[in-house]
Amino acid sequence: MSVDQGSSKVLTLVERELPAVADRSEAIDTRTLSRSLFQRLATLDPDSPERAYVRDTLIELNLPLVRYAAARFRSRNEPMEDIVQVGTIGLIKAIDRFDCERGVEFPTFAMPTVVGEIKRFFRDTSWSVRVPRRLQELRLALTKASDELAQRLDRSPTVPELAAVLGVSEEEVVDGLAVGNAYTASSLDSPSPEDEGGEGSLADRLGYEDSALEGVEYRESLKPLLAKLPPRERQIIMLRFFANMTQSQIGEEVGISQMHVSQMHVSRLLTRTLAQLRTGLIGE
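Just so it is clear, the model here is predicted, and its values are computed rather than measured. (Residues numbered from 1 in each chain as written. Predicted model: local features only at pLDDT ≥ 70, side-chain atom pairs only at ≥ 80, totals over all residues. Heavy atoms only, no water.)

Within the chain one finds 13 helices and zero strands. Ordering the α and β elements of the chain from the N terminus gives α-α-α-α-α-α-α-α-α-α-α-α-α. A buried classification covers 30% of the 284 residues belonging to the chain. Residue pairs in contact within the chain that sit at least 24 positions apart in sequence constitute 49% of those at least 6 positions apart. (Helix = DSSP H or I, 4+ residues; strand = E, 2+ residues; numbered from the N terminus. Buried < 20%, exposed > 50% of the residue type's maximum accessible area, 1.4 Å probe, protein only. Contact = heavy atoms within 4.5 Å.)

So, on to the packing of helix 3 (residues 49–61) against helix 5 (residues 80–97). Taken N-terminus to C-terminus, the directions of helix 3 and helix 5 make an angle of 130 degrees; their axes are 10 Å apart at the nearest point. As summarised for this structure, helix 3 and helix 5 are arranged oblique, according to the angle between their axes. In the crossing of helix 3 with helix 5, the sense of the turn from one axis to the other is right-handed. Here Arg55, Leu58 and Ile59 of helix 3 lie close against helix 5, whose contacting residues are Thr88, Leu91, Ile92, Ile95 and Asp96. Tallied by class, residues from the contact of helix 3 with helix 5 come to five nonpolar, one polar and two charged. (Axes fitted to C-alpha atoms, helices over the stretch in contact; angles between N-to-C directions. Parallel < 35°, antiparallel > 145°, perpendicular 65-115°, else oblique. Left-handed = near helix turned anticlockwise from the far one by under 90°. Nonpolar A, V, L, I, M, F, W, Y, C, P; charged D, E, K, R; others polar.)

A surface patch of like charges, here negative, comprises Glu170, Glu171, Glu172 and Asp175. Along the chain, Glu172 turns up in helix 9 (residues 170–179). (Patch = residues over 30% accessible without salt bridge, like charges linked within 9 Å, V, L, I, M, F, W, Y side chains within 5 Å. Areas by Shrake-Rupley, 256 points an atom, 1.4 Å probe, with all protein chains shown as cover. Salt bridge = Lys/Arg side-chain N within 4 Å of Asp/Glu carboxyl O. Lys, Arg positive; Asp, Glu negative; His and termini not counted. Charge placed at Lys NZ, Arg CZ, Asp CG, Glu CD.)

Here the focus is the nonpolar core. Formed by 28 residues in total, the largest nonpolar core has its most connected members in Phe38, Leu58, Leu91, Ile95, Phe106 and Ile118. At the level of secondary structure, the elements contributing two or more residues to this core comprise helix 2 (30–43), helix 3, helix 4 (63–70), helix 5 and helix 6 (106–125). Residue contributions to this core peak at eight residues, all from helix 6. In contact with Leu91, other than residues within four places in its own chain, are Ile59, Asn62, Leu63, Val66, Phe106 and Val114. Formed by twelve residues, the second largest nonpolar core is a distinct cluster that contains Leu239, Val266, Leu269 and Leu270. (Core = buried A, V, L, I, M, F, W, Y, C linked by side-chain atoms within 4.5 Å.)

Mapped onto the fold, Ser34 is located in helix 2. Look at Ser34 and you get buried, because its relative accessible area is 4%. In this structure, Ser34 is in contact with Leu58, Leu61 and Asn62, ignoring residues within four places of it in sequence.

Any segment with low pLDDT has predicted coordinates that should not be analysed in fine detail. With 74% of its residues at a pLDDT of 70 or more, the chain shows a mean pLDDT of 77. Averaged pLDDT values for the elements of the chain fall to 45 in helix 1 (residues 3–17) and rise to 92 in helix 4. Note on residues 1–27: pLDDT under 50 across the span, and 26 contacts to partners over four residues away in sequence or across chains. (pLDDT = per-residue confidence, 0-100.)

Next up on the list: the packing of helix 4 against helix 5. Two elements in contact, helix 4 and helix 5, have axes whose closest approach is 9 Å; the angle formed by their N-to-C orientations is 125 degrees. What the angle tells us is that helix 4 and helix 5 run oblique. Between helix 4 and helix 5 lies a crossing whose hand is right-handed. Packed against helix 4, whose contacting residues are Leu63, Val66 and Ala70, the element helix 5 presents Met80, Ile83, Val84, Gly87, Thr88 and Leu91 at the interface. For the contact of helix 4 with helix 5, the per-class residue count stands at seven nonpolar, two polar and no charged.

Here we come to the UniProt feature "domain: RNA polymerase sigma-70" (unreviewed entry) in the chain. UniProt records the feature "domain: RNA polymerase sigma-70" (unreviewed entry) for residues 82–95 in the present numbering. Annotation note: span residues 82–95, helix share 100%, strand share 0%, distance between end C-alpha atoms 20 Å. (UniProt positions renumbered as here; feature names shortened; annotations may be inferred.)

In structure tokens:
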């Protein structure tokens, strides 16, 4: 038996169990039909195939409720199909929890669950940067309090005023206000807000790649090794690699007078010192 055949069978059974009406040609309204389906659902075994048909029929009957709730969020950037899909999850949860004996109409019971599921979807997925739930809720409270205070004071409220209304510290208010910047992200290709001509983009304001960053690790590793060198060897390294002096210039600087002797001596000192530094780096 197909799902469509099963659904038709369920509807036939439900219509047979409905109270008699004066004119059978009248269409059975969705609310009355849903109530009868819920009564039928409560009598069926959880593993019964008929229960799945009744449940699917209830979902189809009440999809307009989901679309009505989703329409409240049409101004968001998310596709309406996605919002309806999330709202349908809330509808299914409401159907599974609904008790027809409590005397509450199903739309009244289901609407908070459907809307809550949609709001949870936006809260958890629409932020460009993931922030703690506490700060998300604080931002919503700040938005509401700010609007109320602005109407009352006829001006934008200050941070201390917002903190007093919400009963939080001023630091928390500042954090909550800053969280708003994480909700949406601007494209790097979008015009810079400070560029009146509109030709420059945010990407144009990004800094260049610093090639010296690659040497940071080596410099930091060499610092303690250089500090352990004798003063003369440390001076020779500094003059050779930081002052870019030749070996003869280094010889004169450190007090070695004869050019040939000074170059050979400086070369030996450099070779020995560099080998010592290399061994120290490899040992670390």
